[in-house]
Amino acid sequence: MTAVVGTAVQVGKSAVPAPVRAAVLGLGYVGLPVALAAAEAGVDVVGFDVDAGRVAVLEMGRSPVDTVTDESLGRAHATGLLSFTSDPDDLAAATTYVICVPTPLLDKLPDLSMVTSAVEFVARSLSPGDLVSLESTTYPGTTEGLVADLIEQISSLVAGRDYHLVFSPERIDPGNPEFGLRNTPKIVGGVTRECTAAGTAFYRRLVDRVVPVSSPREAETAKLLENTFRHVNIALVNEMAVLCRELGIDLHEAIDAAATKPFGFMPFYPGPGVGGHCIPIDPAYFSWRVRQLGSSFRFVELATEINDRMPSYVTSRIAEMLNAVRKPLNGASIVLVGVAYKRGIGDLRQSPAFSVARRLIRSGAELSWHDPYVSEFVVDGLPLPEVKSLGRDTLSGVDLAVLHTDHSCLDLDGLVRNAPLVLDTRGALNGRSPSVEGL
Ligand SMILES: NC(=O)c1ccc[n+]([C@@H]2O[C@H](COP(=O)([O-])OP(=O)(O)OC[C@H]3O[C@@H](n4cnc5c(N)ncnc54)[C@H](O)[C@@H]3O)[C@@H](O)[C@H]2O)c1
């Protein structure tokens, strides 16, 4: 195995990067784009996933991730540098290992079992001089603690002495048409300066700008700070949405007015709650670490409480709107429009739509849904009926529609025209019709 990672070899006057063989572990929303970007940057990549079914689909040239198209997968394949496997023995040829496996919560506590398992695979293949990069979001101290310790236990290789170890948080925003992997700066924090340099050299191939920081802990914390910042600010406007309704104030108009200030303000908008794999989860990783010191992270606790309360508030707003037309929630026909956790993608993970749906079903509502990005919406084992369009025929007989996620592809004109009442949880239909109300 090559002993030096990502250094430059002088050929004539130009620096040509040494060949890199990378293994990307975990081929989901994060890992698959990284594997594709690496192949397109000339890196020989093996994408590894424990899910053999996912690997089989990828081998057929089909992307299992809705934000990665079959065409981009095909382009990366065409480089001849990309292969997929679920056999850990295929990791042995790699000199760079990038870990992109999930870090969920289990009973509200960090669940690092998948990181542990991926690190075990890496440790069994690792050679001196290799580079290991953890991209999974986690609490500060994971890379130098859990990852380095486990690798040393299994391989006897010491981070910073025998191999390079870095944390480089993934900042991808699935579905964002403006910022992708290449034009989003990549933070890299290594166990030593040399580790940071090795990590920086690798990521420079993939992204326009690498931001080195002094250790993995700063890199781990930067990621948690970014998502905690969003979490807290979303909670701020969610709480204001509830209060502004009572005060008769249009919060969206106020936010847009405030956003004209050219400095010191960043707009956040209220919604039905927070979802996805980051905002509802990542702040809990920091809270957990802080609790170990006997302290609490009060901002996060309050923000979680406020954001978690939003689906219940949405349900009470629906009941209120129906009540105004003398309709009980029990027996009302309601369609949830957009059930993914955010616009532009079909990711249902932690979507507040589940919580809203559960409450509506419990109250006796007849619930259906519409989301062009989603193929099925199953709540507590019950597949809910899909409404295929927002046309007159499909919405006839519906009492109220809830605009839960405002995908840009939705027929919002049809929604406003054809639904007798609309609760707009996103402020996308402001002022369109008297039948539309906001949060
Ligand atoms: N999805 C996002 O928008 C996003 C953004 C930034 C950071 N992150 C973070 O990136 C990490 C990965 O998230 P994701 O959204 O890509 O997850 P994902 O669920 O989309 O994909 C993870 C993949 O890892 C595989 N896997 C699980 N255990 C494995 C193991 N031991 N070895 C190899 N593969 C394994 C799974 O089969 C799955 O295919 C998480 O820590 C997440 O918090 C996610």
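Up top is the structure.
Now for a description of the structure that goes with this document. Small disclaimer: the values here were computed from a predicted structure and weren't measured.

**Side note on helix α7 (residues 216-247)**
Taking 1.5 Å per residue as the helical rise, α7 with its 32 residues ought to reach 46 Å, and the 46 Å between its terminal C-alpha atoms agrees with that figure. A positive backbone phi angle near 70° is found at glycine 248, which sits one or two residues after α7.

**Section: the packing of aromatic side chains**
In this description, an aromatic ring pair is defined by two values, namely the gap between the centres and the angle between the planes. Evaluated as defined, the whole model comprises eight aromatic pairs. With centroids separated by 5.1 Å and ring planes inclined at 75°, the aromatic side chains of phenylalanine 48 and phenylalanine 121 adopt a geometry described as edge-to-face. Placement of the pair is phenylalanine 48 in strand β4 (residues 44-48) and phenylalanine 121 in helix α4 (residues 113-125), with a sequence separation of 73 residues. In this structure, phenylalanine 48 and phenylalanine 121 share a single accessibility class: buried. Following the ring pairs from residue to residue traces out a cluster consisting of Tyr139, Tyr285 and Trp288.

**A closer look at the site of the ligand**
Looking at the ligand, there are 27 residues lining it, with Val30, Asp49, Thr103, Ser117 and Thr137 nearest. At 3.5 Å from an oxygen atom of the ligand is found a main-chain nitrogen or oxygen belonging to valine 101. A distance of 2.6 Å separates a nitrogen atom of the ligand from a polar side-chain atom of serine 117. For the ligand, whose free accessible area comes to 830 Å², the fraction covered by protein is 92%. Among the elements that line the shell around the ligand, the one with the most residues is α4, at four residues. Counting residues domain by domain, the shell around the ligand receives three or more from each of domain 1 (8-218) and domain 2 (251-438).

**As for the sheet that holds strand β3 (residues 21-25)**
In space, the eight strands of this open sheet follow the order β5-β4-β3-β6-β9-β10-β11-β12, with mixed pairing throughout. The open sheet has two edge strands with one neighbour each: β5 (82-85) and β12 (210-213). The average angle at which neighbouring strand axes cross in this sheet is 25°, direction not considered. Set on the sheet, helix α5 (residues 143-155) makes contact with β9 (131-134) and β10 (164-167); between it and β10 the angle comes to about 145°. Packing of α7 onto the sheet brings it into contact with β10, β11 (186-190) and β12, and relative to β11 it is tilted by some 145°.

**Observations concerning α5**
Among all positions of α5, only Thr143, Gly145, Val147, Ala148, Leu150, Ile151 and Ser155 are buried. Among the structural elements, α4, β9, β10 and α7 are those in contact with the buried residues of α5. At the C-terminal side of α5, serine 156 shows a positive phi close to 65°.

**Focus on the pairing of β11**
Within β11, five of the five residues are buried, leaving the element largely enclosed by the surrounding structure. Side-chain alternation along β11 places Lys186, Val188 and Gly190 on one buried face and Ile187 and Gly189 on a second face that is also buried. Inspection of the sheet shows β10 paired to β11 by two bridges, in the antiparallel sense. Its bridge partner lying in β11, phenylalanine 167 is registered against glycine 189. Sheet topology note: the β11/β12 ladder contains four bridges and is parallel. What sits directly across from lysine 186, in β12, is valine 210. Remark: the β11/helix α6 (residues 193-204)/β12 crossover connection has right-handed handedness.

Rules used in this analysis
- Residues numbered from 1 in each chain as written.
- Predicted model: local features only at pLDDT ≥ 70, side-chain atom pairs only at ≥ 80, totals over all residues.
- Heavy atoms only, no water.
- Helix = DSSP H or I, 4+ residues; strand = E, 2+ residues; numbered from the N terminus.
- Expected span 1.5 Å × (residues − 1).
- Phe/Tyr/Trp six-rings, centres within 6.5 Å; stacked < 30°, edge-to-face > 60°.
- Buried < 20%, exposed > 50% of the residue type's maximum accessible area, 1.4 Å probe, protein only.
- Near = heavy atom within 4 Å.
- Polar contact = N/O pair within 3.5 Å; in protein donor to acceptor, adjacent residues only side chain to side chain.
- Areas by Shrake-Rupley, 256 points an atom, 1.4 Å probe, with all protein chains shown as cover.
- Domains from an automatic or database assignment.
- Pairing = 2+ DSSP bridges.
- Axes fitted to C-alpha atoms, helices over the stretch in contact; angles between N-to-C directions.
- Contact = heavy atoms within 4.5 Å.
- Right-handed = clockwise from strand over helix to strand, strands pointing away.

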